[in-house]
Amino acid sequence: MKAIILVGGEGTRLRPLTYSVVKPMVPVANRPFIEHVICKLALHGIDEIVLAMGYKPDSIYAYFKDGEGLDVKLTYSLEEKPLGTAGAIKNASGHIKESVFVLNGDCFSDLDYSDMHRQHLRNKAKATIALTHVEDPTRFGVVETDASGRVLRFIEKPKWEDVTSHWINAGVYILEPDVLDYIPDNQFYMFENGVFPRLLENGAPFYAYHNRAYWIDMGTPEQYHRINSDLLLGNCSSPLHAARDLIISEGCEVHPSASLTGPVMLAEGCSVGAGARITGPAVIGRGCRIAGGAVIENSLLWEDITVAEDAIIINSIIASGAKINKGQRLQGQTINHKAPTT
Ligand code: GDD
Ligand code: MG
């Protein structure tokens, strides 16, 4: 089966991290986020994937090329201007001849895609939407259903007083090809406030797939931090990551008096000096130099970062190339020395 993944948004809520890397490419356990999503789909037999791209597609294409080395056939659909979630799918309509998965490209889950598809077929649905249960539905699209799971109402980003359910749109849909008839050509159009309400008005068979599998939208620094920790702790799974206490890649030099308390991942070519202390969950990217006496706790360091003696980094995220000074203390910070580019 085929999936189209929406990877076109600007990712403004993930700033300042997205000043260096587009949202789909931010590293999770040292691999681009979207690679985890693609490999997860492949596990479920979804072997053709289209990336619907708009905003800064070059680095995505440069990394994945034609998908060699992945277990899927990878193609791209490019927007010249942002077309919104549904407009981007209409733009990719050449790829849609039968039922297709559509995914928000910033969501990661342990959803059973195969089971969702079986339910879609059983219901003879025109569209099926995966729902997940959250504490704060105001950041998402709330979905009301009847006892049979049929969708009754869709409320995008409701105010608290309008929240009628904690079941929200998990950003995974299965659509029949004729759902494309609801989307205008070459025009900005959204599923959330366009296609879904129209499907409901027309009484189309639109069903929900409720599930409580691990789910996250990694679109803010907090949530991005969380998916890294969850993967390291084994709270969710990816075919790209085997949760282990210590993962120390080739070319790392760890001083015998340094202490690593897992789960800790050190990518290739890192050094950890005398008496330094790293307490997981922590991911340290390629080529980071952590000097003696430094302390790193529950933090994510991207690539090529220098941490000088006795610096303390707690609950923080640091983008590539940063230099943390001797004795500097960072707590609960997200840091990128790169300025925004246009
Ligand atoms: N190709 C393309 N073109 N992709 C886009 C565009 C576009 O114009 N606009 C947004 N996207 C992609 C984003 O990159 C992201 O992967 C996905 O569509 C959703 O956009 P977000 O901006 O992250 O939306 P959201 O998180 O506020 O809300 C959406 O996701 C929630 C689940 O995380 C909605 O679908 C909510 O209903 C849902 O609950
Ligand atoms: Mg999102």
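> Before we move on, can you summarise the coordination of the magnesium ion (ligand 2) with the specific residues and values?
For the magnesium ion (ligand 2), the full set of protein donor atoms is Asp106 (OD) and Asp217 (OD), and the range of their distances to it is 2.0 to 2.3 Å. With Asp106 in the loop between strand 6 (100-104) and strand 7 (107-109) and Asp217 in strand 13 (residues 215-217), this residue pair connects regions lying 111 residues apart in the sequence. Of the residues examined, Asp106 reaches a relative accessible area of 11% and is grouped as buried.

> Describe the nonpolar core, with residues and values.
Ile5, Ile38, Ile49 and Tyr224 are the most contacted members of the largest nonpolar core, which totals 82 residues. No other element matches helix 1 (residues 33-43), which puts six residues into this core. Taken domain by domain, this core gets at least three of its residues from each of domain 1 (2-233) and domain 2 (246-335). Dropping the residues within four chain positions of it, Ile5 is found in contact with Ile34, Val37, Ile38, Leu41, Ile49, Val50, Leu51, Ala52, Leu103 and Gly105. Val50, Ile89, Ala92 and Ile96 belong to the second largest nonpolar core, which has 31 residues in total.

> Can you tell me about the domain arrangement of the protein, naming the residues and giving the values?
Domain annotation for the protein reports domain 1 (2-233) and domain 2 (246-335). One C-alpha centre belongs to domain 1, the other to domain 2; they are set 33 Å apart. In this assembly, 15 residues from domain 1 lie in contact with 17 residues from domain 2. Summing both sides of the interface, domain 1 and domain 2 together bury roughly 1300 Å²; the carbon and sulfur share of this comes to 77%. For domain 1, the biggest contributors to the area lost against domain 2 are Asn30, His225 and Leu232; these three give 45% of the whole. Our enumeration of links across domain 1 and domain 2 arrives at zero salt bridges. Residue composition of the side of domain 1 that touches domain 2, by class: ten nonpolar, five polar and no charged.

> How would you summarise the layout of surface pockets if you had to cite specific residues and measurements?
Size it by volume and the largest pocket reaches roughly 900 Å³. Around the largest pocket sit 38 residues that line it, and Gly9, Arg13, Lys23, Thr85 and Met190 are the ones nearest its centre. Listing elements by their share of the lining of the largest pocket, those giving two or more residues are helix 3 (84-91), helix 5 (191-201) and strand 13. For the lining of the largest pocket, the element with the most residues is helix 3, which contributes three residues. The residue inventory of the lining of the largest pocket, partitioned by class, reads 13 nonpolar, 13 polar and twelve charged. Of the volumes computed, that of the second largest pocket is approximately 590 Å³. Lining the second largest pocket are 24 residues, with Pro27, Asn30, Arg31, Arg286 and Glu303 sitting closest to its centre. When residues of the lining of the second largest pocket are traced back to their parent elements, those giving at least two are strand 3 (31-32) and strand 17 (264-266).

Reading the values: the criteria
- Residues numbered from 1 in each chain as written.
- Chains lettered and ligands numbered in written order.
- Predicted model: local features only at pLDDT ≥ 70, side-chain atom pairs only at ≥ 80, totals over all residues.
- Heavy atoms only, no water.
- Donors = N, O, S within 2.8 Å, 3.2 Å for Na, K, Ca; no water.
- Helix = DSSP H or I, 4+ residues; strand = E, 2+ residues; numbered from the N terminus.
- Buried < 20%, exposed > 50% of the residue type's maximum accessible area, 1.4 Å probe, protein only.
- Core = buried A, V, L, I, M, F, W, Y, C linked by side-chain atoms within 4.5 Å.
- Domains from an automatic or database assignment.
- Contact = heavy atoms within 4.5 Å.
- Buried area = accessible area lost by both parts, 1.4 Å probe.
- Salt bridge = Lys/Arg side-chain N within 4 Å of Asp/Glu carboxyl O.
- Nonpolar A, V, L, I, M, F, W, Y, C, P; charged D, E, K, R; others polar.
- 1 Å grid on protein atoms, 1.4 Å probe; cavity = no way out; pocket = protein on both sides within 12 Å on 5 of 7 lines; lining within 4 Å.
- Points joined across faces, edges and corners; volume = space filled by probe spheres on them.

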